[in-house]
2 protein chains.
Amino acid sequence: MSFSYEFERPGLTVDGVIFGLDLDEENLQVVLVERDVEPFEGMWALPGGFVRNGESLEDAAMRELREETGIKDVFLEQLYTFGKPNRDPRGWVVSVAYYALVAPDQHHLLATTDARRAEWFPVNKLPKLAFDHAEILQVALQRLRGKLTYAPIGFELLPDKFSIRQLQTLYEIVLGQKLDNRNFRKKIFSLDVLKELNEIQTGVAHRAARLYKFDERKYKQLTRQGLTFEI
Amino acid sequence: MSFSYEFERPGLTVDGVIFGLDLDEENLQVVLVERDVEPFEGMWALPGGFVRNGESLEDAAMRELREETGIKDVFLEQLYTFGKPNRDPRGWVVSVAYYALVAPDQHHLLATTDARRAEWFPVNKLPKLAFDHAEILQVALQRLRGKLTYAPIGFELLPDKFSIRQLQTLYEIVLGQKLDNRNFRKKIFSLDVLKELNEIQTGVAHRAARLYKFDERKYKQLTRQGLTFEI
DNA sequence: CCTGTTAAGCGTAAAAATAACGCTAAGCTA
DNA sequence: TAGCTTAGCGTTATTTTTACGCTTAACAGG
């Protein structure tokens, strides 16, 4: 069956940049999939695929990420739409890129349709990527770095329960600069968006830290009152 | 002539939110066009139209804005891609929205193709809009408000030569809050991105203000040095 | 020509935030 | 039990922000 239109139409895809944090190795990682179809067969690429009629762009992005990597139910936000002519050898294809943030307990990958395998790669040790995916990834990285300072999206990269040191490590990794632990914790507590748990870390080699959760209700309430999140 | 594809494909449009500032009336305005074709014939809408194969999304947006409003050579930035199912009565259509910022000397409108007429409307006095254009406009407004505080895009809404009072008025209008003129000017000068001209205002009823230009070279240089624009 | 009005622009002081750093307590490891 | 490392409470200096005063400049009106 085929579909005919009076005017030329583009293929429409979604591509996803999936970020995760490795707190042990202290690096930011991204999921890549190995393509098993042309073009760029055998090359690493961002997960993605064509949008279907009847689904929203966000549903399409979430579906493609789940199908190609097994990752689901994560933070997902639209990044930018890439539409340069000739960006895809197959013809006119426009891609709506998204980025996803994945907590450590959601890191498990299952490569399924359209991909031989899916793997985590440190963002500073990437192979050559298919299409314009290196460019898309750079845009996503810039977006993450920027938005981390004015929206509480970093919490999506941490476990539900985390320590202040882990939060600081996240910021140091993504922003690429050392932060003072005493000033960082004072700053974080001044934002008043954390809920202290009656728990401390286990299995650590030195003094165990207190654990916290991000209080989304409190954050929304403070936002309505005009207060801003700024780190 | 028709085009056939193995799979269903969406129509792809660009829509533009064109912002301009009325310094006399002290309001932010947006350009709307009156549609002269179905659907929504006779209703006001954002300028826009279908993307053509072979042109980039940005070229398409700039072309549609020029064709429908006469506005050209302005600041243009991608906003968000709207792709909910059934957002367009004609069928599957996805829209890549842009926002444009127009200096006062570029405000002149000429309605040409696909639009009966184009007019400026204050953003707080809008008619009912076609499609999901009211939603698109709200997103653009939020984007402008946010980005104005961390990037020097506001200068695109001012004349090439402007006074500090005019810059402050811009911020007060868009952010919707009064600012202290003494602190505002101290803050602006501390950013060190303005070039003072050897000119003062003319045709004003009281003490004429000094005129300035935004120094884009200086700003880029400071950005490379890690300094940030923040108002 | 003088007075009144309004805006531009230079300024001070207090409060708040940030940066830099010290030090003790806690707890694991050998 | 001692040593080492980290968490976490703290102080101080510096910078930024906020609040506001006041003088100068210049036009309008009588």
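Residues numbered from 1 in each chain as written. Chains lettered and ligands numbered in written order. Predicted model: local features only at pLDDT ≥ 70, side-chain atom pairs only at ≥ 80, totals over all residues. Heavy atoms only, no water.

### As for the relation of the copies chain B and chain A
Piece 1. Placing chain B over chain A gives an RMSD of 0.0 Å and needs a rotation angle of 180°, together with 0.0 Å of translation along the axis. What the superposition gives is, in effect, a two-fold axis relating one chain to the other. Residues of chain B ranked by C-alpha distance from the rotation axis are headed by S4 of chain B, positioned 2.0 Å from it.
Piece 2. Looking at the interface residues of chain B, 100% of them are also at the interface in chain A, so both copies use one shared face. (Least-squares fit on C-alpha atoms with pLDDT ≥ 70 in both. Contact = heavy atoms within 4.5 Å.)

### A few points about helix α3 (residues 164-175) of chain B
All names here are of chain B.
Piece 1. The end-to-end C-alpha separation of α3 is 16 Å, in line with the 16 Å expected for twelve residues at 1.5 Å each.
Piece 2. Summarising burial for α3: ten of the twelve residues are buried, a large majority.
Piece 3. Burial in α3 covers these residues: I164, Q166, L167, Q168, T169, L170, Y171, E172, I173 and V174.
Piece 4. At the exit of α3 stands G176, carrying a positive phi of roughly 70°. (Helix = DSSP H or I, 4+ residues; strand = E, 2+ residues; numbered from the N terminus. Expected span 1.5 Å × (residues − 1). Buried < 20%, exposed > 50% of the residue type's maximum accessible area, 1.4 Å probe, protein only.)

### Side note on the layout of surface pockets
All names here are of chain A.
Piece 1. Quantified by volume, the second largest pocket comes out at close to 740 Å³.
Piece 2. Taken together, 37 residues line the second largest pocket, and the ones lying closest to its centre are T13, G49, F50, V51 and R90.
Piece 3. Elements supplying a minimum of two residues to the lining of the second largest pocket: β2 (11-22), β3 (27-35), β5 (48-50), α1 (57-69) and β7 (93-102).
Piece 4. A per-class count over the lining of the second largest pocket returns 14 nonpolar, eight polar and 15 charged. (1 Å grid on protein atoms, 1.4 Å probe; cavity = no way out; pocket = protein on both sides within 12 Å on 5 of 7 lines; lining within 4 Å. Points joined across faces, edges and corners; volume = space filled by probe spheres on them. Nonpolar A, V, L, I, M, F, W, Y, C, P; charged D, E, K, R; others polar.)

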